[in-house]
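Single-letter residue listing:
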Amino acid sequence: MPHHHRQIGLIGLLFVSVGGILGSGWLFGPLYAVQLAGPAALVAWVIGGLAIMVIAVTFAELGAMLPINGGITRYSLLSYGRTAGFFASLSSWLTFTVIVAAEVQAVMQYGSIYFPWLTKEQLGKDGQTISHPLTLYGFFCAAVLWILFSLINWRGVKLFAHINNSLTWIKIALVVVVTVSLIVFAFRWEMFDDINEGGFAPYGAGGIFRALAYGGVIYAFTGFQHAAIAAGESKNPHRDVPIAVIASILFCMLCYIALQIAFLGGLRPDNFPEPGNWRELGFTDQVGPIAGLAKTLGVVWMFYFVFAGAIVSPLGAGLINLGSSLRIARGMSHDRYLPGRLSRVGRYHSPGLLIVLSFPIGLFLFLPFPGWQELVAFLTAVVVIAYALGPLSLLALRRQLPQQKRPFRLPWAEFFCPLAFMICGLLIYITGWVVVWKLGLVFCICGVVFIASQLLLRQKTDLASALWIPPFLIGLVLITWLGGHGGIQKITDLQGMAGAAVWSLICFFLARRLPIPSEQTQAYFDQIEAAHQADQQDIE
């Protein structure tokens, strides 16, 4: 694989993942997680971090072995062909693009503390605020931020890395200062197991699993894959990619757990409308939970720290996610899912046409979203589709490209890969019926359109190697309808999760029998190398 234009070192690659993870999740997750699980939200953060870690180690091997831009999606092309690669590309691109809009809206939401003309309150049937859609002025400011992100990405990876490193250092410092300050100045144990507040797990195991999806726990870890996506620009990807992927998750998991402990310790009985009612926990006249907690505690200087973090964290995450979205779109162009001219690069080795075309998409995404919790639950389900192809690709590529250098080789892969795939199925299930049926519909329509267009153009589809995807999704939709949140409740949560786990394993072992031939993998690999060489010629 050519090693041109590689400018990101280990710290830069690590900070790409850390910066992507530390977005709006730490600003909203601590409140939404405890609303759903009470103090047992701590368990949700541990489960979420470990679940993502199991998935991530598969991408650590793949990223070190094949350091190519947009790698998280192109592994699927190499192992399961064009149709599976399309689904992985679509889910990843959609996730990262929508995250940019969500992070910018998080900036606007916190900014409305001092500039109320940025957002307006949208009330539900009970008179409670359910979201903060943008006003016309807020829409204009959000568009300006998208343009700023675009200019930084257009200027090239070196400027991007410098700016992201600075923003990530600031974010880490803010999270550490806020966490330590809450523990030092306001920490009490009473909220962890006070029977008047419902005990440690007032909503049981169901609340913990709901917090994973709707509390933003899994969403908060979305970002570890940025290091694998940017592997094509790493100076030493064979060493740095696995370190960056694994270390970023471990570090951020510790940050999230410590912040959740500090948040719980800072709560007081008067923050609850009635004892034990975690669902209605909130802070008056505040659009951000941690800022609201700081203000109710009277720690004014911490309020300003949180406000600064609310600007810097989503901005940094938005910048990184737009960069990853562009890398994936460029990979889709190389792989002929999109017109080839879209992947052409200019003097700064950036795809100018893709950057321009992303702007109107961003404007559309700034239209009113549903609540933050519903949005992150949908994004969780979407990105898990791309995650699910990681463990399958790892095992398939060990047979298809046995000669390829593997600086990091996952031990016990025959155990971890089906476990990771099963976790992906469970993560889709816990998002509930209201999300899963939409997920199935979106991918059904997109799949039919893609296959029809490829057949009309007489392009290869590798459809036989993707035959496991429809039963996987249809089965999860059916199981979620029978017992998931918002379904008809014909089976219990435990039965539903057991069903989702078993069905996922059945589909995993079915998929193991369907990878494309090694000769086709080599042909796609040569195609990717040819695209990299063409890029190098464009620069020279």
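Treat the numbers as computed from the prediction; the structure is a model and nothing was measured.

S.K.: Explain the overall build of the protein chain to me, and be specific about the residues and the numbers.
M.R.: Across its full length, the protein chain carries 20 helices and two strands. The buried share among the 540 residues of the protein chain stands at 62%. When the accessible area of the protein chain is evaluated, it comes to approximately 20500 Å², of which 67% is carbon and sulfur surface.

S.K.: Explain helix α18 (residues 469–483) to me, and be specific about the residues and the numbers.
M.R.: Across its 15 residues, α18 extends 21 Å between first and last C-alpha, which sits within 8% of the 21 Å expected from 1.5 Å per residue. Turning to α18, its buried residues number three or more, namely Ile469, Phe472, Leu473, Gly475, Leu476, Val477, Ile479, Thr480 and Gly483.

S.K.: Outline the packing of aromatic side chains, listing residues and values.
M.R.: In total, this model carries 26 aromatic pairs according to the counting rule given. When the centroid spacing of 6.5 Å and the interplanar angle of 65 degrees are considered together, the rings of Phe59 and Tyr387 count as edge-to-face. Taken together, the positions of Phe59 in helix α3 (residues 41–65) and Tyr387 in helix α15 (residues 372–400) put the pair 328 residues apart, joining distant regions of the chain. Tyr387 shares its class with Phe59; the two are buried. The interplanar angle of 25 degrees and the centroid separation of 5.8 Å between the aromatic rings of Phe87 and Phe443 together place this pair among those described as stacked. Here Phe443 lies in helix α17 (residues 433–456) and Phe87 lies in helix α4 (residues 71–111), a separation of 356 residues in the sequence. For Phe443, a relative accessible area of 3% puts it in the buried group. Members of the aromatic cluster, each reached through a chain of ring pairs, are Tyr80, Phe421, Trp468, Phe472, Phe508 and Phe509. If you follow Arg210 out to its NZ or CZ, it ends over the ring of Tyr214, 4.3 Å from the centre.

S.K.: Explain the pattern of salt bridges to me, and be specific about the residues and the numbers.
M.R.: One pass over the structure, following the stated rule, counts four salt bridges. Note that Asp462 is salt-bridged to Lys460, the shortest N-O span being 3.9 Å. The exposure class of Asp462 is buried, given its relative accessible area of 11%. Overlapping salt bridges bring together Glu61, Arg398 and Arg406 as one network.

S.K.: Go over the state of the cysteines, please, and point to the residues and values.
M.R.: A full pass over the atoms with the stated rule returns zero disulfides. With no disulfide of its own, Cys255 lies closest to Cys252 among cysteine sulfurs, the gap being 5.8 Å.

S.K.: I'd like a rundown of the nonpolar core, residues and numbers included.
M.R.: If you look at the biggest cluster of nonpolar residues, it comprises 150 residues, and the most contacted ones within it are Ile55, Phe224, Tyr256, Phe263, Leu267, Tyr387 and Trp468. A per-element tally of this core places α15 first, with 17 residues. Not counting the four nearest positions on each side in its chain, Phe224 is found in contact with Ser17, Ile21, Ile52, Ile55, Ala56, Phe59, Val245, Ser248, Ile249 and Tyr387. In this structure, Val100, Leu118, Leu315 and Leu326 belong to the second largest nonpolar core, which totals 21 residues.

S.K.: So what's going on with the environment of Ser24? Which residues, and what values?
M.R.: Assignment of secondary structure puts Ser24 in the loop between α1 (10–21) and α2 (25–37). Judged by its relative accessible area of 0%, Ser24 is buried. Separated by 196 residues in sequence, Ser24 and Ala220 have C-alpha atoms that sit 7.6 Å apart.

S.K.: Tell me about the environment of Ile423, residues and numbers included.
M.R.: Mapped onto the elements, Ile423 comes out in helix α16 (residues 413–430). Expressed as a C-alpha distance, the spacing of Ile423 and Ala501, which sit 78 residues apart in the sequence, is 7.5 Å.

S.K.: An account of helix α8 (residues 204–214) is requested, with residue identities and associated values reported.
M.R.: Every buried residue of α8 is accounted for by Gly207, Ile208, Ala211, Leu212, Ala213 and Tyr214. Downstream of α8 by one or two residues, Gly216 has phi in the positive range, about 85 degrees.

S.K.: Can you explain a nonpolar patch on the surface? Please cite residues and give values.
M.R.: A surface patch of nonpolar side chains, about 640 Å² in accessible area, is lined by Val176, Val180, Ile183, Val184, Phe185, Trp301 and Phe305. Residue assignment for the nonpolar patch shows that the elements contributing at least two residues are α6 (157–186) and α13 (300–334). Its place among the elements puts Val176 in helix α6. On the basis of relative accessible area, Val176 is assigned to the partly exposed category, the value being 40%.

S.K.: An account of unusual backbone geometry is requested, with residue identities and associated values reported.
M.R.: Most peptide bonds take the trans configuration, and most residues that are not glycine carry a negative phi. In the Ramachandran plot, Arg458 falls in the positive-phi region, its phi being about 60 degrees despite a non-glycine side chain. Position of Arg458 relative to the elements: it lies in the loop between α17 and α18. For Arg458, a relative accessible area of 79% puts it in the exposed group. Look at Asp462: it is not a glycine, yet its phi comes out positive at around 50 degrees. The residue Asp462 is located in the loop between α17 and α18 in this model.

S.K.: Quick one: what's the story with the packing of helix α12 (residues 289–296) against α13, residue by residue and with numbers?
M.R.: Between α12 and α13, whose axes approach to 8 Å, the crossing angle comes to 170 degrees. Judged by the inter-axis angle, α12 sits roughly antiparallel to α13. For the pair formed by α12 and α13, the contact residues are Ile290, Ala291, Ala294 and Lys295 on the first element and Met302, Phe303 and Val306 on the second.

S.K.: With reference to specific residues and values, describe the side chain of Thr58.
M.R.: If you trace the backbone, Thr58 turns up in helix α3. Not counting residues up to four positions away in its chain, the partners in contact with Thr58 are Gly390, Pro391, Leu394, Leu410 and Cys417.

S.K.: So what about the environment of Gly475? Which residues, and what values?
M.R.: Tracing the backbone shows Gly475 in helix α18. On the accessibility criterion, Gly475 (11% relative accessible area) is buried. Along the primary structure Gly475 and Cys507 are separated by 32 residues, whereas in three dimensions their C-alpha atoms are 9.5 Å apart.

S.K.: Describe the side chain of Ser76, with residues and values.
M.R.: Within the secondary structure layout, Ser76 lies in helix α4. Leaving out residues up to four positions away in the same chain, Ser76 has contacts with Gly81, Ala84, Gly85, Ala88, Leu389 and Ser393.

Criteria and cut-off values
Residues numbered from 1 in each chain as written. Predicted model: local features only at pLDDT ≥ 70, side-chain atom pairs only at ≥ 80, totals over all residues. Heavy atoms only, no water. Helix = DSSP H or I, 4+ residues; strand = E, 2+ residues; numbered from the N terminus. Buried < 20%, exposed > 50% of the residue type's maximum accessible area, 1.4 Å probe, protein only. Areas by Shrake-Rupley, 256 points an atom, 1.4 Å probe, with all protein chains shown as cover. Expected span 1.5 Å × (residues − 1). Phe/Tyr/Trp six-rings, centres within 6.5 Å; stacked < 30°, edge-to-face > 60°. Lys NZ or Arg CZ within 6 Å of the ring centre and 35° of its normal. Salt bridge = Lys/Arg side-chain N within 4 Å of Asp/Glu carboxyl O. Disulfide = S-S within 2.5 Å. Core = buried A, V, L, I, M, F, W, Y, C linked by side-chain atoms within 4.5 Å. Contact = heavy atoms within 4.5 Å. Patch = residues over 30% accessible without salt bridge, like charges linked within 9 Å, V, L, I, M, F, W, Y side chains within 5 Å. Axes fitted to C-alpha atoms, helices over the stretch in contact; angles between N-to-C directions. Parallel < 35°, antiparallel > 145°, perpendicular 65-115°, else oblique.

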